[in-house]
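Given next are the chains, with one letter for each unit.
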Amino acid sequence: MTFKDHHREGRIFAVRLIWSMVIVVGLSLILVARMIWLQGLQHDRYTTLSNKNRVQTQAIAPPRGLIFDRNGVLLADNQPDFSLALIPEQVPDLGDTLAELATIVSLESSDIDRFRRRLQSPRRPWEPVPLRARLTETEIARIAVTQHAMPGVRIDADPIRHYPHGELLSHVLGYVNRISAEDIEQMDADEQANYSGTHYAGRIGVERHYERLLHGQAGYRKVETNARGRILRVLEEIPPQPGQDLRLQLDIRVQQAAWDALGERRGAVVAIDPRDGGVLAFVSRPGFDPNLFVTGISHLDYAGYRDDHDQPLFNRALQGQYPPGSTVKPLIGLAGLQAGVTDWQRTIWDPGFYRIEGEQRVFRDWRRQGHGWVDMHKAVMQSCDTYFYDMGFRLGIDRMADFLARFSIGLRTGIDLPSEARGIMPSREWKRGARGQAWFHGDTINTSIGQGYMLTTPLQLALSTAVLARQGIPVVPRVAQLVPPAPTTEPAVMSTPSHWQRMTQAMVDVVHGSAGTARLLSHGAQYRMAGKSGTAQVFSLANDEEYNAEEIAERLRDHALFIAFAPADNPAIAVAVLVDSGGGGGSAAGPVARATMDAWLLDASGQLAVPPAGLPETVPATLGGPVTAAMTVPAPETPDAP
């Protein structure tokens, strides 16, 4: 019996060898074909993909422009800040990394929440996501020791906004803080590209209005990185264009004087140079610390501001709407003179009240016993309500509303600050639209003394005072005078020159006259000022009730107001002051106006030295280069139509 067939085994081996060679050759051909496909036909595509992993384009944030006052005093600058950031693409386990970091540095729940929101917002690959700012030296050292064991964790040094004067300028400068996902969604493609490397944007005040000017233009650089994302070298770089420095019309000395004069009281002060519209002081008190908002305010700090009954986040100067009280009497008087319903010689008897013929309602004068015989001059100097009741009734609301609108009462002023309140100049049309009611004679009489439905902002009062000082020539208030305005000499309010002069004299006698309502302000004055006090009721009294401040809660007491311009014969400053629930205008608000004007008009020795109109031509050089008076600026926000 044969146990082994050598011929058969040889044939099997030969067949297997042939198939093995076929498979090897086939696989080799596949590898060659694949190599040809990758290295030849798809070379450009895979080279591009490889470069994307190796070469990255990074945005470079531009340095934000600095802000100075009119004399070159620094109001807002940039300071280095060390922050903790994560590159999500390099972090193996985000939850474990955050938990480990919480044992090294102090992380609040708000920091984690903000980080997760930023993580979900649109961003470039490999772009660091900030976790916590303002690291201390100790925290930086702790992170550096363990950083090698935490991939994706890095410490960035970025310039952040700093406001050296704190709450003094908070409501006019505003603040910047981190850009949110909502901000990105509202930007077009070009804006998103320009902000790709920027973490901050202006929110309120000057920072928001001049955001495009202050921000600058982002730069870019191409860098080569290794597999762990570490930069090996810079291949190409386009440097950013720094934001433009901004020079304001504000004078920090005048701002500080107005702030100090208000003391701990709630209120607002706006001072304008009537010669060019420059805003010299813009105070709303209380204020807030804008530095807390830059890198993200804590829940505790924000709750403190939010729950404060004094509302430190509320801009009283720009958004506060108050009855102007007797401060509008000079304007009402000019309206009556222009309409011919009164003149400087006309007198009436003031028994302490006014009653429309045929009606029972009585409108009382602030002086219960009345002022006796009163003409226009005495009515302004002693603030006689009865005279203006009578004149307002004769004038009518239609002519009154038209005339006061020319002083921006009830209209936005066009100032270069966002979110300006409009106020209310009541009229028949306004009441029908807002209240669905007809206009009554009593409404006209209340309006004639700045009460009733009329509401103004301190800014509007300051602007109307500046127009009054210019004898009807309009002016636009500007916080930053980047482009000198075209001179305006044509009055928007037409009136006989003698009316302007005599009204100015009546306002001068309010302060300097022996019977003026603010006569105590003239003591020791180095110049003559024209002023008008005002008291605005917070709530109405019945005819048989008498106002007693001692029996009323502090927040229900009358608001104190005062307007003034000086020097009376050649005005260089116009001021409006509001003291919230302050009582008498002459006694509470008047001294604040006097301190503000002294700071502008007097030199260090207390002597009269009226500054020339416009910005000083030269100021000290700054870190960002010399500050110039005229710069290119985006068009300001257009005020709403009346």
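Please refer to the structure placed before this passage.
Residues numbered from 1 in each chain as written. Predicted model: local features only at pLDDT ≥ 70, side-chain atom pairs only at ≥ 80, totals over all residues. Heavy atoms only, no water.

Caption draft 1: Structural context of the sheet that holds strand E8 (residues 219–225). Taken in spatial order, the three strands make up an open sheet running E1-E8-E9, and their pairing is antiparallel. The sheet terminates laterally at strand E1 (55–60) and strand E9 (231–238), the two strands that pair on one side only. Strand after strand, the sheet turns through a mean of 30 degrees between neighbouring axes, direction not considered. The pairing of E1 with E8 spans six bridges and is classified as antiparallel. Across the sheet, the residue bridging to Gln-58 is Arg-221, located in E8. (Pairing = 2+ DSSP bridges. Helix = DSSP H or I, 4+ residues; strand = E, 2+ residues; numbered from the N terminus. Axes fitted to C-alpha atoms, helices over the stretch in contact; angles between N-to-C directions.)

Caption draft 2: Quick peek at helix H22 (residues 497–512). Between its first and last C-alpha atoms H22 spans 22 Å; for 16 residues at 1.5 Å apiece the expected length is 22 Å, and the two agree. Every buried residue of H22 is listed here: His-499, Trp-500, Met-503, Thr-504, Ala-506, Met-507, Val-508, Asp-509, Val-510 and Val-511. Among the structural elements, helix H15 (329–339), helix H16 (376–381), helix H21 (458–469), strand E17 (530–536) and strand E18 (559–566) are those in contact with the buried residues of H22. (Expected span 1.5 Å × (residues − 1). Buried < 20%, exposed > 50% of the residue type's maximum accessible area, 1.4 Å probe, protein only. Contact = heavy atoms within 4.5 Å.)

Caption draft 3: How the structure looks around the packing of aromatic side chains. Enumeration according to the criterion identifies twelve aromatic pairs in this entry. Measuring from ring centre to ring centre gives 6.3 Å for Trp-439 and Tyr-453, while their planes differ by 50 degrees; the resulting arrangement is tilted. With a gap of 14 residues between them, Trp-439 in the loop between helix H19 (428–434) and helix H20 (441–447) and Tyr-453 in the loop between H20 and H21 connect regions that are remote in the sequence. Each member of the pair, Trp-439 together with Tyr-453, is buried. Through a chain of ring-to-ring contacts, three or more aromatic side chains come together here, namely Tyr-175, Phe-288, Phe-293 and Tyr-305. (Phe/Tyr/Trp six-rings, centres within 6.5 Å; stacked < 30°, edge-to-face > 60°.)

Caption draft 4: Quick look at the sheet that holds strand E12 (residues 279–285). Across the sheet, which stays open at both edges, the five strands sit in the order E12-E11-E19-E18-E17 with antiparallel pairing between neighbours. Strands with a single pairing partner mark the edges of an open sheet, and in this sheet they are E12 and E17. Strand-to-strand, the axes of this sheet are offset by a mean angle of 5 degrees, without reference to chain direction. Across six bridges, strand E11 (residues 267–272) lies against strand E19 (residues 573–579) in antiparallel orientation. Looking at the pairing, Ala-268 lines up with Leu-578 of E19.

Caption draft 5: Summary view of the pattern of salt bridges. All chains considered together, the criterion is met by 20 salt bridges. Arg-266 serves as the salt-bridge partner of Asp-580, at 3.6 Å between the closest nitrogen and oxygen. Pair noted here: Asp-580 is in the loop between E19 and helix H23 (585–601) and Arg-266 is in the loop between helix H11 (252–262) and E11, with a separation of 314 residues, a long-range link. When its relative accessible area of 12% is taken as the criterion, Asp-580 is described as buried. (Salt bridge = Lys/Arg side-chain N within 4 Å of Asp/Glu carboxyl O.)

Caption draft 6: Local environment of the packing of H15 against H22. As a packed pair, H15 and H22 sit with axes 11 Å apart at the nearest point and diverge in direction by 150 degrees. Overall, the two elements H15 and H22 adopt an arrangement that is roughly antiparallel. You can see that H15 and H22 cross each other, and the crossing is right-handed. The segment H15 lies against H22, with Pro-330, Gly-333, Leu-334 and Leu-337 engaging His-499, Trp-500, Met-503 and Met-507. Broken down by class, the residue content of the contact of H15 with H22 amounts to six nonpolar, two polar and no charged. (Parallel < 35°, antiparallel > 145°, perpendicular 65-115°, else oblique. Left-handed = near helix turned anticlockwise from the far one by under 90°. Nonpolar A, V, L, I, M, F, W, Y, C, P; charged D, E, K, R; others polar.)

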